[in-house]
Amino acid sequence: MVWVFSLLLVYLLVIAVVAWFSLHPFRTPLFFAPGSLGARQEDHTLPGEAGPIQLWWLVPAKPPKLVFVMTHGYMMNRSELAAEGYRLWQEGCAIALMECRAHGRSGGKVSTLGWEERKDIAVVARWAREQYPDAKLILMGSSMGAAASAMALGDDPTLDDGLVLDSAYGKLTEAVSGWWRFLGGKGLALAFSPLLFVAAPFLGFNPWKVDVADALAKLPHVPILFFHGKSDTLALPAEAERNVAAHRGEHQIEWFERCGHSEGRWLHPERYWETLNGFLRKHDFLG
């Protein structure tokens, strides 16, 4: 019996350590900047609830018709969407490539996988709106950044004029399970299934109530473009379908066959761009 209790103790200790590291993610170094390709790139720091928010601001040659606030996924940074930001900058858009709390060079020590990060996005979106008050504004995110963008707009439906959501999760609890399934399959997801119960007391909110579909249901006036991989094991396609069904306004979804989490824009960049460009022109975001 002693060895059983010893194994159980070791297991619980491992769960506790993994929970701590999940809330305090490794900060991935910056790996690409639009300025290296010739974009006019400025560094900005904005005051955030959890500490300074760092961002790159891509300034167009003339006042833009459209502004983007682009947000990365979990354990990533502002470099993740820098290529897409550069291409949109070439179209004459202003781009804010931001970093959420506890990621990149932004302040903060704890990541909540989108829930508190929605407040960082709101800060950047309001600042970007102030720079070009006559322009329309779109929130665009990948994975955690997509979910947080939707929830930011759910909090304040006047925050922007459209959403582009790449590989957004549905329920936060499903995202946590999906993360371990993504890393090691169903077995690892099962092994770490108690993790949320251990981490929840340190979050300051109820993770079982965080649901992107609830935010999307509040936004019938906002056109939304969804991107999702048919082979996504982190944010399952069923979660994407649930998000789409929750939105009562104009929307479209672009499915990428045999693509995993956020892979569509890397494996099929031209189709990704054509779909995005078509969406922007259909809704008169770009002339």
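Sequence order sets the numbering: in each chain, residues are counted from 1 along the sequence as written. Local features in a predicted model are, by the rule used here, given only for residues with pLDDT of at least 70; side-chain atom pairs are given and counted only at 80 or more, and totals for whole chains, interfaces and linings are based on all residues. Only hydrogens and water are set aside; all other atoms, that is, all heavy atoms of the structure, feed into the side-chain values.

**Side note on the pairing of strand β2 (residues 51–58)**
Every regular strand shows the same layout, with side chains that alternate between the two sheet faces.
Argument step 1. Counting buried positions along β2 gives seven out of eight residues, so the element sits mostly inside the fold.
Argument step 2. We call two strands paired when DSSP finds no fewer than two bridges between them. A helix here means a DSSP run of H or I that spans at least four residues, while a strand means a run of E at least two residues long, and both kinds are numbered starting from the N terminus. Across eight bridges, the pairing between strand β1 (residues 41–48) and β2 is antiparallel. Bridge pairing links His44 to Leu55 in β2.
Argument step 3. Taking the residues between adjacent antiparallel strands as the criterion, β1 and β2 are bridged by two residues.
Argument step 4. Here β2 runs beside strand β4 (residues 94–98); their pairing, made up of four bridges, is antiparallel. Residue exposure (1.4 Å probe, protein chains only): buried if accessible area is under 20% of the type maximum, exposed if over 50%, otherwise partly exposed.

**Notes on the environment of Gly92**
Argument step 1. With respect to the helices and strands, Gly92 occurs in the loop between α2 (82–90) and β4.
Argument step 2. Overall, Gly92 belongs to the partly exposed group, its relative accessible area being 28%.
Argument step 3. When sequence neighbours within four positions are dropped, the list of residues in contact with Gly92 reads Pro60 and Pro64. Contacts were defined at the residue level, with two residues in contact if any of their heavy atoms lie within 4.5 Å.

**A look at the sheet that holds β2**
Argument step 1. Here we have eight strands laid out as an open sheet, ordered β1-β2-β4-β3-β5-β6-β7-β8, and mixed in their pairing. Among the strands making up the open sheet, the edge pair consists of β1 and β8 (251–256). For this sheet the average axis-to-axis angle between neighbouring strands, irrespective of direction, equals 20°.
Argument step 2. Across four bridges, strand β6 (residues 162–166) lies against strand β7 (residues 224–229) in parallel orientation. The partner of Leu163 across the bridge, within β7, is Ile224.
Argument step 3. Axis definition: a line fitted to C-alpha atoms, limited for helices to the stretch in contact. Angles are taken between N-to-C directions and run from 0 to 180 degrees. Relative to the sheet, helix α4 (residues 144–155) contacts β3 (66–71), β5 (136–142) and β6, its axis offset from that of β5 by approximately 140°.

**Things to note about the layout of surface pockets**
Argument step 1. Cavity means a closed set of points on a 1 Å grid over the protein atoms alone, one where a 1.4 Å probe fits but cannot get out, pocket means an open set with protein on both sides within 12 Å along at least 5 of 7 lines, and lining means a residue has an atom within 4 Å of a point. Grid points are joined across faces, edges and corners, and a volume is the space filled by probe spheres set on the points. In this model, the largest pocket occupies a volume close to 320 Å³.
Argument step 2. If one sorts the elements of the lining of the largest pocket by residue count, helix α5 (residues 172–191) sits on top with three residues.
Argument step 3. Residues were grouped as follows: Ala, Val, Leu, Ile, Met, Phe, Trp, Tyr, Cys and Pro as nonpolar; Asp, Glu, Lys and Arg as charged; and all remaining residues, including Gly, as polar. A class-by-class count of the residues in the lining of the largest pocket yields ten nonpolar, seven polar and two charged.
Argument step 4. Its boundaries defined by the atoms lining it, the second largest pocket holds a volume of some 150 Å³.

**What to know about the packing of helix α3 (residues 117–131) against α4**
Argument step 1. Across the interface, α3 lies against α4 with an axial gap of 8 Å and an inter-helix angle of 70°. Relative to α4, the element α3 is oriented roughly perpendicular. With respect to the hand of their crossing, α3 and α4 are arranged in right-handed fashion. Contact residues: Glu117, Arg118 and Ile121 in α3; Met144, Gly145, Ala148, Ser149, Met151, Ala152 and Asp155 in α4.
Argument step 2. Among the residues forming the contact of α3 with α4, the class breakdown is five nonpolar, two polar and three charged. Note that the term roughly parallel is reserved for angles under 35 degrees, roughly antiparallel for angles over 145, roughly perpendicular for angles of 65 to 115, and oblique for everything else. Take the far helix as your reference; a near helix turned counterclockwise from it by less than a right angle gives a left-handed crossing, and one turned clockwise gives a right-handed crossing.

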